[in-house]
Amino acid sequence: MGRLFGTDGVRGIANKDLTPELALKIGRAAAVVLLRESKSEKPTILIGRDTRASGDMLEAALTAGFCSVGCNVLSVGVIPTPGVAYLVGKYCCEAGVMISASHNPCEYNGIKIFQKTGYKLDDAIEEEIEAIILDNAEEVPVKIGGEVGNRLYCKTAVRDYVEHVVSTASVRFDGLTIALDCANGSASVCAKDIFTSLGAKCIMLSDTPDGTNINKNCGSTHPEELMHFVKNASLDLGLAFDGDADRMLAVDENGELVDGNKVIAICAMQMKKENRLKKNTAVVTVMSNMGFFKFCEENGISCAKTAVGDRYVLERMLKDGYNIGGEQSGHVIFLDFATTGDGELSGVQLVETVVKTGKKLSELAKIMKVYPQVLVNVNVTSEGKQKYNNDEYIISAVQQAEMELMGDGRVLVRVSGTEPLVRVMLEGSDIEHITVLANRIADVIRERLS
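All of these numbers come straight from a predicted model, not from anything done at the bench.

Student: Help me out: how do you make sense of the overall build of the chain in this one?
Tutor: Counting secondary structure elements, the chain contains 15 helices and 19 strands. Taking 22 Å as the expected radius of gyration for a compact globule of 450 residues, we find that the chain reaches 22 Å, a close match to that expectation. Expressed as lengths along the three principal axes of its C-alpha atoms, the size of the chain is roughly 70 × 60 × 40 Å. Every one of the 450 residues in the chain was classed for burial, and the buried ones make up 59%. Within the chain, contacts between residues at least 6 apart in sequence are counted, and of these 72% link residues at least 24 apart. Of the roughly 18,400 Å² of accessible surface on the chain, a fraction of 48% belongs to carbon and sulfur atoms. Computing the positive centroid from 48 side-chain charges and the negative centroid from 61, the chain places the two 3 Å apart.

Now the structure itself:
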């Protein structure tokens with residue numbers, strides 16, 4: 001994790017941590033690093049955003065930064081993060097930027113940068129950008145007169161992205177009634193068009209963003225309303241996206257949650273049956289439920305594990321040639337169709353499997369048993385995040401919990417890459433026992449690092 005960049009871009013409270021001044025500097029520095037090999041006199045940078053009130057402010061600052069060093073900016077407005085990743089290549093731009101804090105509350109915002117290939121930046125590139133901003137490691141060549149860049153607007157971005165996602169389906173969804181929870185975020189501009197284009201009847205939830213209601217008691221981080229709605233309305237299933245629509249959780253016809261692990265299991269099994277599962281492998285993080293690893297063992301599928309973060313999942317997929325991977329939180333990457341996690345594309349692939357198998361989602365979800373899991377988030381200071389790995393009291397508390405589980409479960413404690421948190425996760429067969437152990441570890445962390 002870098003000095004500015006976390007596991008998913010630069011993120012913080014807008015106008016406090018992530019200021020317009022910092023956004024302008026990021027635009028300038030990113031242009032210097034990303035455009036070294038560009039032969040264009042005025043390279044074009046694509047910028048999209050989610051529905052947060054601070055999005056316009058940060059887009060204006062980023063645009064000023066890019067234009068000041070001679071780049072044109074193509075503004076595509078509100079669009080999902082994976083839309084930016086896809087359109088960067090389609091529109092032949094030199095780079096793409098998404099302004100979003102994903103699943104976080106409205107006061108947060110973030111800056112995610114994509115290379116012209118559609119992939120997020122690797123650590124080395126982020127470190128170069130940080131060095132220019134924080135250390136003045138390189139002079140930024142500011143342009144004047146006619147060499148200053150211009151801002152352009154694109155009105156076809158959402159339509160082009162919708163057509164791309166729809167094209168990934170090989171069957172239609174006629175006869176299905178689906179609830180779509182858009183988290184009052186980016187999915188609000190395109191989710192309905194995607195699924196109705198494929199023949200589904202869609203009932204929309206949380207699709208009226210006002211700048212402040214993004215992720216507020218809705219979407220993939222708060223799927224409770226969707227769970228009740230799908231069951232009470234006797235729908236076939238529901239899909240919940242997060243604020244920038246790069247993750248998705250599903251709800252079956254009984255109102256039961258189908259998380260990212262199950263989505264990967266269901267789709268990987270179908271891909272294996274159709275001989276589309278490359279190297280017979282799915283990629284997940286160490287935070288994945290023990291039940292997923294058991295599913296893989298029982299069904300002859302290899303499982304590759306990575307550190308937490310969809311960027312690490314993607315790195316492993318690209319390195320070893322795998323084509324499905326993701327996280328329990330709902331980031332799922334279908335590398336045959338996308339360069340990053342895409343909630344709506346994941347939803348299309350899941351519903352396609354429902355149609356192809358002729359089974360209800362609840363039946364498909366039984367493919368994987370979920371072991372009880374307890375997750376406790378502990379708020380810590382910035383200094384506390386840095387001290388976590390070397391604190392003897394915390395290390396001792398974790399070791400003690402592992403001894404008490406005696407192999408019947410596991411302990412995973414990690415520092416959040418995007419928030420001021422340490423996450424304590426325990427799994428095991430006895431929910432009461434692991435809850436006690438998780439809280440015991442959390443108490444030690446709170447005492448030592450808060």
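Student: Which parts of the structure should I look at to understand the side chain of D246?
Tutor: In this structure, D246 sits in the loop between β10 (237-241) and β11 (248-251). Look at D246 and you get buried, because its relative accessible area is 1%. Engagement of the side chain of D246 in a polar contact is seen with the side chain of K112, the distance being 3.4 Å. Engagement of the side chain of D246 in a polar contact is seen with the side chain of H331, the distance being 3.0 Å. With residues up to four places along the chain from it excluded, the contact list for D246 reads D8, T81, P82, S102, K112, G330, H331, G341, D342 and G343.

Student: What am I meant to see in the nonpolar core here?
Tutor: One recurring pattern in soluble globular proteins: nonpolar side chains tend to sit buried together. By size, the foremost hydrophobic cluster in this structure holds 68 residues, and its most contacted members are F195, L239, F292 and I324. Here this core takes eight residues from helix α8 (residues 260-273), the largest share from any one element. Excluding its chain neighbours within four sequence positions, the residues that come into contact with F292 are N261, I264, A265, A282, V284, C303 and M368.

Student: Just to check I follow, could you spell out the sheet that holds strand β7 (residues 151-153) for this structure?
Tutor: Think of a sheet as strands paired side by side through backbone hydrogen bonds, with each pair either parallel or antiparallel. Pairing is mixed across the open sheet formed by seven strands, whose spatial order is β1-β2-β6-β5-β3-β4-β7. Two strands bound the open sheet, and with one partner strand each, they are β1 (5-6) and β7. Sheet topology note: the strand β2 (residues 9-13)/strand β6 (residues 108-115) ladder contains four bridges and is antiparallel. Across the sheet, residue G12 finds its bridge partner in β6, namely N109. Sitting on the sheet, helix α1 (residues 20-34) is in contact with β2, β5 (95-99) and β6, with an inclination near 10° to β6.

Student: Explanation requested: the pairing of strand β19 (residues 421-428) in the structure shown.
Tutor: Two faces make up the sheet, and in a regular strand the side chains alternate between them. Within β19, eight of the eight residues are buried, which leaves the element mostly enclosed by the surrounding structure. A two-sided burial pattern is seen for β19, the buried positions comprising L421, R423, M425 and E427 on one face and V422, V424, L426 and G428 on the other. Judged from the seven bridges that link them, strand β17 (residues 373-379) and β19 form a sheet pairing that is antiparallel. Across the sheet, V376 pairs through a bridge with V424, a residue of β19.

Student: Mind showing me how you'd approach the pattern of salt bridges here?
Tutor: Side chains that carry opposite charge are capable of pairing whenever their charged atoms lie near each other. Under the definition given, this model contains 29 salt bridges. Note that D244 is salt-bridged to K112, the shortest N-O span being 2.6 Å. Of this pair, D244 sits in the loop between β10 and β11 while K112 sits in strand β6; the two residues are 132 residues apart in sequence, bridging distant segments of the chain. Note that R448 and D391 form a salt bridge whose closest N and O atoms lie 2.9 Å from each other. Pair noted here: R448 is in helix α15 (residues 431-449) and D391 is in the loop between α13 (382-387) and α14 (392-405), with a separation of 57 residues, a long-range link.

Student: Sorry, what's going on with α15 here?
Tutor: For the α-helix, the turn length of 3.6 residues means that residues three or four positions removed from each other point alike. If you check α15, its first and last C-alpha atoms are 26 Å apart, about what 19 residues at 1.5 Å a residue would give, namely 27 Å. Every buried residue of α15 is accounted for by I434, L437, A438, I441, A442, I445 and L449. One side of α15 holds all its buried residues, which, seen down the axis, span an arc of 135°. What points out from α15, more than 90 degrees from its buried face, is the exposed set E432 and E447. Considering only its buried residues, α15 is in contact with β17, α13, α14, β18 (409-415) and β19. Between the side-chain oxygen of the N-cap and the backbone nitrogen of E432 there are 3.1 Å, and the N-cap of α15 in question is D430.

Student: Would you mind showing me how to read the packing of aromatic side chains here?
Tutor: By convention here, two paired aromatic rings are described through the distance between centres and the angle between planes. With the rule as written, the count across this model stands at three aromatic pairs. Measuring from ring centre to ring centre gives 6.4 Å for F292 and F293, while their planes differ by 80°; the resulting arrangement is edge-to-face. Overall, the relative accessible area of 13% leaves F293 in the buried class. Look at F292 and F295: their rings are 5.7 Å apart centre to centre, the planes differ by 50°, and that puts the pair in the tilted class. Note that F292 and F295 are positioned in helix α9 (residues 290-298) at a spacing of three residues, about one turn of the helix.

Student: Explain the state of the cysteines to me, please; I cannot follow it from the model alone.
Tutor: Taken as a whole, this structure holds zero disulfides when the rule is applied. No disulfide involves C218; its nearest neighbouring cysteine sulfur is the one of C182, lying 9.3 Å away. With no disulfide of its own, C267 lies closest to C296 among cysteine sulfurs, the gap being 13 Å.

Student: Please clarify how the sheet that holds β10 should be interpreted in this entry.
Tutor: In spatial order, the strands read β9-β8-β10-β11-β12; together these five strands make up an open sheet with mixed pairing. At either end of the open sheet lies a strand with only one pairing partner, and these are β9 (201-205) and β12 (257-258).

Student: Honestly, unusual backbone geometry in this entry has me stumped. Any pointers?
Tutor: Note: most peptide bonds trans; most residues except glycine with negative phi. The backbone of N215 sits at a positive phi, close to 65°, despite the residue not being glycine. Taking relative accessible area as the criterion, N215 reaches 4% and is therefore assigned buried. Phi at S234 takes a positive value of approximately 55°, unusual for a residue other than glycine. Along the chain, S234 turns up in the loop between α7 (224-232) and β10.

What counts as what
Residues numbered from 1 in each chain as written. Predicted model: local features only at pLDDT ≥ 70, side-chain atom pairs only at ≥ 80, totals over all residues. Heavy atoms only, no water. Helix = DSSP H or I, 4+ residues; strand = E, 2+ residues; numbered from the N terminus. Rg over C-alpha atoms; globule rule 2.2 N^0.38 Å. Buried < 20%, exposed > 50% of the residue type's maximum accessible area, 1.4 Å probe, protein only. Contact = heavy atoms within 4.5 Å. Areas by Shrake-Rupley, 256 points an atom, 1.4 Å probe, with all protein chains shown as cover. Lys, Arg positive; Asp, Glu negative; His and termini not counted. Charge placed at Lys NZ, Arg CZ, Asp CG, Glu CD. Polar contact = N/O pair within 3.5 Å; in protein donor to acceptor, adjacent residues only side chain to side chain. Core = buried A, V, L, I, M, F, W, Y, C linked by side-chain atoms within 4.5 Å. Pairing = 2+ DSSP bridges. Axes fitted to C-alpha atoms, helices over the stretch in contact; angles between N-to-C directions. Salt bridge = Lys/Arg side-chain N within 4 Å of Asp/Glu carboxyl O. Expected span 1.5 Å × (residues − 1). Arc of directions from axis to C-beta. Phe/Tyr/Trp six-rings, centres within 6.5 Å; stacked < 30°, edge-to-face > 60°. Disulfide = S-S within 2.5 Å.

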